[in-house]
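Structural characterization, general
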Amino acid sequence: MSRLQARLLNNEMYVIAEIGMAHDGSLGLAKAYIEAAAKSGADAVKLQTHIADAESTPNEPFRLKGVFIQDTSRYEYWKRTAFTAEQWHLLSNFAKQWGVDFLSSPFSLEAIDLLDNFCEVPAWKIASGEVNNIPLLTKAAGTGKPVLISSGMSSWEELDIAVKTVQESGALAAVFQCTTAYPCPPERIGINLLKEMKDRYNVPVGLSDHSGTIFAGLASAALNAELLEVHITMSKGMFGPDVIASVTMEEFKQLVDGIRFIETMKTHPTQKDELASEMGELRSIFNKSIVYKRDLDRGHQLTEDDLTFKKPGTGLPTSAMKLVINQKLCKPVSANNIVSLDDLVCDKNTH
């Protein structure tokens, strides 16, 4: 059973560490990212599988100009940073050794074939720009594996078609709310759409976050999202176009810890009276009792000026003040002593 299946079965959030192209073509760096993500609590690592000849032309523009100074075109960038089939197999096995699912977004039909033949991929993560690529969706769903769809640039109509395509092919669909902005400001994250997507499709839903913070991910966990994808980086000073929208490994670990903390809270409801009962010992320490302000003689009729409230709460509670006022003392009492009913309720021998 993949970690994806296990998390969904147990109503726990499935957390994907998005490595993307942060490796910049370095196999060693890709492995370092996988190890760091696993150590930080990721359920899955995700890369991107680009095959230049299958998806790009020399005219494809860069999303950010001037970033890849060694590449004359994005086509050349895809060529330079591509892994061989054997290297993809190695990375998949490396993730397995670290106990995390291995995912990679395919950007062509050929990429699906490569990943399906050489890697243990438990699901397909479809990038926002491929939601209208019906042949890609159909081929991915045809493998029988779940298809996780990012909706970063999609209208409801386009997303409807994508989900229907996957479901009609017999595969499980899941949908991510996503805004294709790097970084994404809080007012554009669209956290409200998680519930709308759940109501609309009745499939697992999640957030693909580009805010570069842990805040949106924690909020999505509190709002019952089942999936989370977040970009990771070794450092904010690393090279790459996605660094500005990524969290560091330290932040990622804090995010995962926070998600599991939220899940524990949500799955352990408590009753208020039961909780108060459990706090009995602490209540006696932190609550206050009615206490004498000054030394008083036997027969004195108590007034508010004779009494105050002090810790510990082992005597008459402050709520009993009205019952104490105007009562006569059966015996002398000293300042700072806790009021006792024995001081007030006199038997015949004390008169």
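The residue numbering used here restarts from 1 in each chain and proceeds along that chain's sequence as written. The predicted origin of the model limits local features to residues at a pLDDT of at least 70 and limits the giving and counting of side-chain atom pairs to 80 or more, whereas totals for whole chains, interfaces and linings rest on all residues. Note that the side-chain values use all heavy atoms of the structure and ignore hydrogens as well as water.

In this section: the pairing of strand β5 (residues 147-150). Because side chains alternate across β5, one face comprises the buried residues Val-147 and Ile-149, and the other comprises Leu-148 and Ser-150, equally buried. Pairing of strand β4 (residues 124-126) with β5 involves three bridges; the strand directions are parallel. Note on β5: the bridge partner recorded for Trp-124 is Val-147. As for the winding sense of the linkage, the β-α-β connection from β4 through helix α7 (residues 134-142) to β5 is right-handed. By the bridge criterion, four bridges tie β5 to strand β6 (residues 173-178) in an arrangement that is parallel. Within β6, the position partnered with Ser-150 by the bridge is Phe-176. With strands facing away from the observer, any crossover in which the path from the first strand over the helix to the second runs clockwise is taken as right-handed. Strands here mean DSSP runs of E at least two residues long; helices mean DSSP runs of H or I at least four residues long; both are numbered from the N terminus. At this point the chain moves from β5, through helix α8 (residues 156-168), to the parallel β6, and the crossover so formed is right-handed. Only protein chains enter the calculation, and the probe is 1.4 Å; a residue is then buried if its accessible area is under 20% of its type maximum, exposed if over 50%, and partly exposed in between. Should DSSP find at least two bridges between two strands, the strands are regarded as paired.

The patch calculation keeps residues exceeding 30% relative accessible area without a salt bridge and links them within 9 Å when they carry like charges or within 5 Å when they are nonpolar (Val, Leu, Ile, Met, Phe, Trp, Tyr). The Shrake-Rupley method, run with a 1.4 Å probe, gives the accessible areas here. Residue values count only the displayed protein chains as cover. What counts as a salt bridge is simple: a side-chain nitrogen of Lys or Arg found within 4 Å of a carboxyl oxygen of Asp or Glu. On the surface, Met-279, Leu-282, Ile-285 and Phe-286 cluster together to form a nonpolar patch covering roughly 370 Å² of accessible area. On the secondary structure map, Ile-285 appears in helix α13 (residues 280-286).

Attention now moves to the side chain of Asp-209. Counting through the fold element by element, Asp-209 comes out in strand β7 (residues 205-209). A polar atom in the side chain of Asp-209 sits 2.9 Å from the side chain of Ser-211. The contacts of Asp-209, once residues within four sequence positions are left out, are Ile-189, Ala-216, Gly-217, Leu-228, Glu-229, Val-230 and His-231. A 3.5 Å cut-off defines polar contacts: any pair of N or O atoms within that distance qualifies, except that in protein one atom must be a possible hydrogen donor and the other a possible acceptor, and neighbouring residues in sequence count only when both atoms are side-chain atoms. Contact between two residues is taken to exist if any of their heavy atoms lie within 4.5 Å; hydrogens are not considered.

One broad trend across soluble globular proteins is that nonpolar side chains are buried collectively. We define a nonpolar core as any set of buried Ala, Val, Leu, Ile, Met, Phe, Trp, Tyr and Cys residues linked to one another through side-chain atoms lying within 4.5 Å. With 75 residues, the main nonpolar core has Trp-88, Phe-102, Val-147, Ile-232 and Phe-252 as its most contacted residues. Excluding residues that lie within four positions of it along the chain, Trp-88 makes contacts with Leu-47, Gln-48, Thr-49, Phe-83, Phe-102, Ser-104, Leu-114, Leu-115 and Cys-119. Of all hydrophobic cores here, the second largest spans 14 residues; its members include Ile-290, Ala-320, Leu-329 and Leu-344.

Looking now at the packing of helix α10 (residues 215-222) against helix α11 (residues 249-266). For helices, the fitted axis covers only the stretch in contact; all axes are lines through C-alpha atoms, and the angles between them, taken along N-to-C directions, range from 0 to 180 degrees. For the pair α10 and α11, interaxial distance at closest approach is 9 Å and the crossing angle is 20°. Regarding the angle of α10 to α11, the classification is roughly parallel. The interaxial crossing formed by α10 with α11 has right-handed handedness. Residues Gly-217, Leu-218, Ala-221 and Ala-222 of α10 touch α11, and the partners they reach there are Leu-255, Gly-258, Ile-259, Ile-262 and Lys-266. An angle below 35 degrees is read as roughly parallel, one above 145 as roughly antiparallel, one from 65 to 115 as roughly perpendicular, and any other as oblique. Two helices crossing with the near one rotated counterclockwise from the far one by less than a right angle form a left-handed crossing, whereas a clockwise rotation gives a right-handed crossing.

Looking now at helix α5 (residues 85-97). Given a rise of 1.5 Å per residue, 13 residues ought to cover 18 Å, and the 19 Å separating the end C-alpha atoms of α5 matches this to within 8%. Those residues of α5 lying buried are Ala-85, Trp-88, Leu-91, Ser-92, Phe-94 and Ala-95. Residues of α5 that are buried sit in contact with α2 (27-39), β2 (44-49), β3 (101-106) and α6 (109-118). Looking one or two places after α5, you find Gly-99, whose phi comes out positive at around 80°. Given a helix with a known number of residues, its expected span is that number minus one, times 1.5 Å.

Put simply, Tyr-182 and Pro-183 share a cis peptide bond, and its omega is -5°. Take Pro-183: it is sitting in the loop between β6 and α9 (193-201). Of note, the amide linkage connecting Lys-311 to Pro-312 takes the cis form, showing an omega dihedral of 0°. If you trace the backbone, Pro-312 turns up in the loop between β11 (307-310) and α14 (321-324). The backbone of Asn-11 shows a phi angle near 55°, a positive value even though the residue is not glycine. Position of Asn-11 among the secondary structure elements: in the loop between α1 (3-9) and β1 (14-20). Notably, Asn-202 is not glycine yet its phi reads approximately 55°, a positive angle. As for its position among the elements, Asn-202 is in the loop between α9 and β7.

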